[in-house]
Amino acid sequence: MNHSEAALYLIPVMLGETEYEKVLPEYNRKIVSSIRYFIVESRRSAVRFLKAANIESDIDSLVFFELNEHTDLSGIESYLEPLLNGHSMGIISDAGCPAVADPGAAVVELAQKKGLKVVPLAGPSSIIMAVMASGLNGQSFAFHGYLPAKPGARESKIRSLENRAWNESQTQLFIEAPYRNLKLLSSIIASCRSETRVCVAAGLTTEQEFIRTLSVAEWKKSPEPPIHKIPAIFLLYRG
């Protein structure tokens, strides 16, 4: 790859409290150290990541554009001006890979429409790691983000996803706000047939990592898993 060519680099970060070296390659550090302009989900978390990465540049000299759920997307075209002027830029999410279940997708879409060079860097994806460790179907799977918050709608959605898992032999993945993890697991256990397999993958790559796949019947007999307030992914698949 020609490093002199300006590009929009998609920069993965750690999934939680873990060492940079444990999950990210040295190559990424070299790229990040060469970038002065960043599009970030939050400046504070981006700065924390850059410090953990021990980048060679002075953090106070860097320029940050915030892109999150509060950002007016009609104004984000201006974020790409440094790239249009020949300066490489980086996108940093709050956790994991930019543009996957992440607001950064909007600016990547814009860069692609403008024919700009987009370069994804290697790093941890909780979605892929959960599929890898689940023992469920890794050939066909779908990620659905957050389920509805209202109990009736949520349980209806769970049953709909369970039907897809059985009818299409497709693993179904979704997430919840960490403080509602146990409520969601309870909803799954109450809504699904006893043979359906459920994987809970929480705290991936951290000291709190918990990954377990059981049938609904087995989950009913198991002690409460240690997933309260820990980022988690839930996976459903046929028995």
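Note: the structure precedes this text.
As the structure is a prediction and not an experimental result, all values here were calculated from the model. (Residues numbered from 1 in each chain as written. Predicted model: local features only at pLDDT ≥ 70, side-chain atom pairs only at ≥ 80, totals over all residues. Heavy atoms only, no water.)

Peer 1: Any chance you could explain the overall build of the protein here in plain terms?
Peer 2: Looking only at helices and strands, one finds nine helices and 10 strands in the protein. Considering only C-alpha atoms, the protein reaches an extent of 60 × 35 × 30 Å along its principal axes. Out of the 239 residues belonging to the protein, those deemed buried represent 51%. Looking at the protein alone, contacts between residues at least 24 apart form 73% of all its contacts between residues at least 6 apart. Of the side-chain charges in the protein, 25 are positive and 26 negative, and the distance between the mean point of each set is 7 Å. (Helix = DSSP H or I, 4+ residues; strand = E, 2+ residues; numbered from the N terminus. Buried < 20%, exposed > 50% of the residue type's maximum accessible area, 1.4 Å probe, protein only. Contact = heavy atoms within 4.5 Å. Lys, Arg positive; Asp, Glu negative; His and termini not counted. Charge placed at Lys NZ, Arg CZ, Asp CG, Glu CD.)

Peer 1: Please clarify how the sheet that holds strand 1 (residues 8–11) should be interpreted in this entry.
Peer 2: The pairing of strands in a sheet happens through backbone hydrogen bonds and is either parallel or antiparallel. Across the sheet, which stays open at both edges, the five strands sit in the order 3-2-4-1-5 with parallel pairing between neighbours. With one partner strand each, in any of the chains shown, strand 3 (63–66) and strand 5 (118–120) form the two edges of the open sheet. Ignoring strand direction, the axes of neighbouring strands in this sheet form an average angle of 25°. Of the pairings in the sheet, the one linking strand 1 to strand 4 (residues 89–92) comprises four bridges and is parallel in character. Considered in strand 4, the bridge of Leu10 is made with Ile91. (Pairing = 2+ DSSP bridges. Axes fitted to C-alpha atoms, helices over the stretch in contact; angles between N-to-C directions.)

Peer 1: Would you explain the packing of aromatic side chains in this entry?
Peer 2: The description of an aromatic ring pair uses the distance of the two centres, along with the angle that the planes make with each other. Counting across every chain of the model gives four aromatic pairs. Note on Tyr20 and Phe49: the rings are 6.0 Å apart at their centroids and 35° apart in plane angle, and the pair reads as tilted. Residue Tyr20 is found in helix 1 (residues 20–23), and its partner Phe49 is found in helix 3 (residues 43–52); the two are separated by 29 residues along the sequence. The residues Tyr20 and Phe49 share a single accessibility class, namely buried. A ring pair is formed by Phe38 and Phe64, whose centres lie 5.9 Å apart and whose planes are at 25°; its orientation type is stacked. In this pair, Phe38 sits in strand 2 (residues 37–40) while Phe64 sits in strand 3, placing the two residues 26 residues apart along the sequence. One residue, Arg193, lies across the ring of Trp166, its end atom 4.4 Å from the ring centre. (Phe/Tyr/Trp six-rings, centres within 6.5 Å; stacked < 30°, edge-to-face > 60°. Lys NZ or Arg CZ within 6 Å of the ring centre and 35° of its normal.)

Peer 1: Quick question: what am I supposed to make of the pattern of salt bridges here?
Peer 2: It is possible for side chains of opposite charge to pair when their charged atoms get near one another. Counted under the stated rule, the structure contains seven salt bridges. The closest approach of N and O atoms between Glu21 and Arg29, which form a salt bridge, is 3.3 Å. Accessibility expressed as a relative area gives 53% for Glu21, which makes it exposed. Judged by relative accessible area, which is 10%, Arg29 ranks as buried. Of the charged contacts, one joins Glu77 and Lys114 as a salt bridge, the two residues approaching to 2.7 Å between their closest N and O atoms. Within this pair, whereas Glu77 is found in the loop between strand 3 and helix 4 (81–84), its partner Lys114 is found in the loop between helix 5 (105–113) and strand 5, the two being separated by 37 residues in sequence. With a relative accessible area of 44%, Glu77 lands in the partly exposed category. The exposure class assigned to Lys114 is partly exposed, which follows from its relative accessible area of 32%. Linked through salt bridges whose partners overlap, the residues forming this network are Glu21, Glu26 and Arg29. (Salt bridge = Lys/Arg side-chain N within 4 Å of Asp/Glu carboxyl O.)

Peer 1: Could you clarify how one ought to interpret the side chain of Ser45 in this entry?
Peer 2: For Ser45, the location among the structural elements is in helix 3. Separated by 2.6 Å, the side chains of Ser45 and Ser42 make a polar contact. (Polar contact = N/O pair within 3.5 Å; in protein donor to acceptor, adjacent residues only side chain to side chain.)

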